[in-house]
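Each chain, written out:
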Amino acid sequence: MKILVVNAGSSSLKYQLFDMDENKVIAKGLCEKIGIGAAVTHKRPGKPDYKADVDLKDHDDAIALVLRLLTDPELGVIASVNEIDAIGHRVAHGGKLQSSMFITDEVLHYLESIVGINPLHGPPAIKGINACRKVMPGKPMVAVFDTSFHSTMPPKSYLYALPYEYYEKYKVRRYGFHGTSHRYVANQAAAFVRKPLESLKIITCHCGNGSSITAVNAGKVIDTSMGFTPQEGLPMGTRSGSVDPTVVTYLMREENLTPDQMDDVLNKKSGLLGVSGVSSDMREVGAAAQAGNERAKLALDMLVQSTKKIIGSYIAEMNGVDILLFTAGIGENDRDFRQAVCRNMDYLGIAIDEKYNQSCPRGENVDLSAPGSKVKVLVIPTDEELMIATDTLNLVKNN
Ligand code: AMP
């Protein structure tokens, strides 16, 4: 069975075509800068990448191009679109929808009704779905939500201590994000240590350009660091993470900022970029810190400290932890970050082999724990697209 996974952003569209019988990706790529002088990169294993500047005015054009590339006599991997059995869409926010599901008119209308609480990621996901529906009508389509893994959180974890009526009226609550990644790596970690997920307390640190940490007890999320939006929790590439909410109202008054301008400060000008003044990219901030830039060093220290704090609080919430794991761009690749987070955590039973941490292979599951460490410390590469393809396959097979 062949499954196309589509991940539509505001001006981008990522795709991967899986052959689920062979368990492999047969083509993948990215359309970027949609509507503003677009470019496409199309990759097939073992073959040279195809890159081109293209004219894509919207997501409809992008999907049409993806299908042309996939079926192109020279660049393609399938003879016709009919070979695609189903499509899995990454949808960041599922609101009340708690598991992956077929996209019906009703589901689509519901997603449209919640764009107010998901203004950045909602509209592009809907555009991606609509574009696919237009060119592949009747093809099974599944939505996989970043929020759904977190739907097991109890009210004491997901509610904010605001007047209860705002939860009732506007559904203001913690939803959590990156759920597809947290679910994938938690399952992978359990398989890696050969124990049932239901027997484990796991803390999953998804640290990338966006970052979140999740506490998974017996396979169920009990808490997560991102909230109503992906803004809460850790400092990120350009997001502030958690701040005293009064700082926001104070700055709006002092700087005469509109809500949109304030959102912009919190989302696009803060985090690593805001503190370091250098970059939102961890590698560049790391290089600047190495070269002696004090603010870059401070930004890294703040990220490490916030990560430790959240890990510590989740250990307290779960009364222990069996596995602490790192994933995503920073978690999988930044050895110094992992070392700094895990240092001086022996009181909590966390100790890594620092030498191995500096030399371990990339791109595979790795156990960093020092001998005698009570907690297993792992690096587990994430694969959200595979999780989306797997959910899609399971729904289609069982339908
Ligand atoms: P993601 O959003 O998961 O793609 O992660 C992007 C982040 O991972 C960026 O901040 C990158 O700088 C960081 N990253 C990627 N590779 C490395 C690396 N080799 N060392 C340090 N950070 C990295």
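Note that the structure is predicted; figures quoted are calculated from it, not measured.

A.B. asks: What is the right way to look at the site of the ligand in this model?
C.D. replies: The immediate surroundings of the ligand are formed by Gly208, Asn209, Asp281, Met282, Arg283, Ala328, Gly329, Ile330, Asn333, Asp334 and Arg362. Note that an oxygen atom of the ligand is positioned 3.2 Å from one of the backbone N or O atoms of arginine 283. Coverage of the ligand by the protein chains reaches 71% of its 500 Å² of free accessible surface. Looking at the shell around the ligand, the elements that each hand over two or more residues are helix H10 (282–290) and helix H12 (328–333). Counting residues per element, the shell around the ligand draws most heavily on H12, at 4 residues. Within the shell around the ligand, the residues separate by chemical class into 3 nonpolar, 4 polar and 4 charged.

A.B. asks: Please clarify how helix H2 (residues 105–113) should be interpreted in this entry.
C.D. replies: Every α-helix winds through 3.6 residues per turn, so residues three or four apart in the chain are directed the same way. Looking at H2, one finds that the buried residues are Val107, Leu108, Tyr110 and Leu111. In an axial view of H2, the angular spread of the buried residues amounts to 160°, which keeps them on one side of the axis. Residues of H2 that are exposed and angled more than 90 degrees away from the buried face: Glu106, His109 and Ser113. Looking at the packing, one finds that the buried side of H2 touches strand E6 (86–91), strand E7 (101–102), helix H3 (122–135) and strand E8 (141–145).

A.B. asks: What is the right way to look at the packing of H2 against H3 in this model?
C.D. replies: When two helices pack together, their arrangement is captured by the angle between the axes and the distance separating the axes. Put simply, H2 and H3 touch, their axes get as near as 11 Å, and they point 150° apart. With respect to their mutual orientation, H2 and H3 come out roughly antiparallel. Remark: the crossing between H2 and H3 carries left-handed chirality. Across the interface between the two elements, Asp105, Leu108, Leu111 and Glu112 from H2 touch Ile126, Ile129, Asn130 and Arg133 from H3. Considered class by class, the residues forming the contact of H2 with H3 number 4 nonpolar, 1 polar and 3 charged.

A.B. asks: What am I meant to see in the pattern of salt bridges here?
C.D. replies: Side chains that carry opposite charge are capable of pairing whenever their charged atoms lie near each other. Summed over all chains, the structure comprises 12 salt bridges. Among the ionic pairs, arginine 183 bridges to aspartate 391, the shortest N-O distance being 2.6 Å. Of this pair, arginine 183 sits in helix H6 (residues 179–192) while aspartate 391 sits in helix H15 (residues 384–397), placing them 208 residues apart in sequence. As far as burial versus exposure is concerned, arginine 183 and aspartate 391 are alike and both buried.

Cut-offs used in this document
- Residues numbered from 1 in each chain as written.
- Predicted model: local features only at pLDDT ≥ 70, side-chain atom pairs only at ≥ 80, totals over all residues.
- Heavy atoms only, no water.
- Near = heavy atom within 4 Å.
- Polar contact = N/O pair within 3.5 Å; in protein donor to acceptor, adjacent residues only side chain to side chain.
- Areas by Shrake-Rupley, 256 points an atom, 1.4 Å probe, with all protein chains shown as cover.
- Helix = DSSP H or I, 4+ residues; strand = E, 2+ residues; numbered from the N terminus.
- Nonpolar A, V, L, I, M, F, W, Y, C, P; charged D, E, K, R; others polar.
- Buried < 20%, exposed > 50% of the residue type's maximum accessible area, 1.4 Å probe, protein only.
- Arc of directions from axis to C-beta.
- Contact = heavy atoms within 4.5 Å.
- Axes fitted to C-alpha atoms, helices over the stretch in contact; angles between N-to-C directions.
- Parallel < 35°, antiparallel > 145°, perpendicular 65-115°, else oblique.
- Left-handed = near helix turned anticlockwise from the far one by under 90°.
- Salt bridge = Lys/Arg side-chain N within 4 Å of Asp/Glu carboxyl O.

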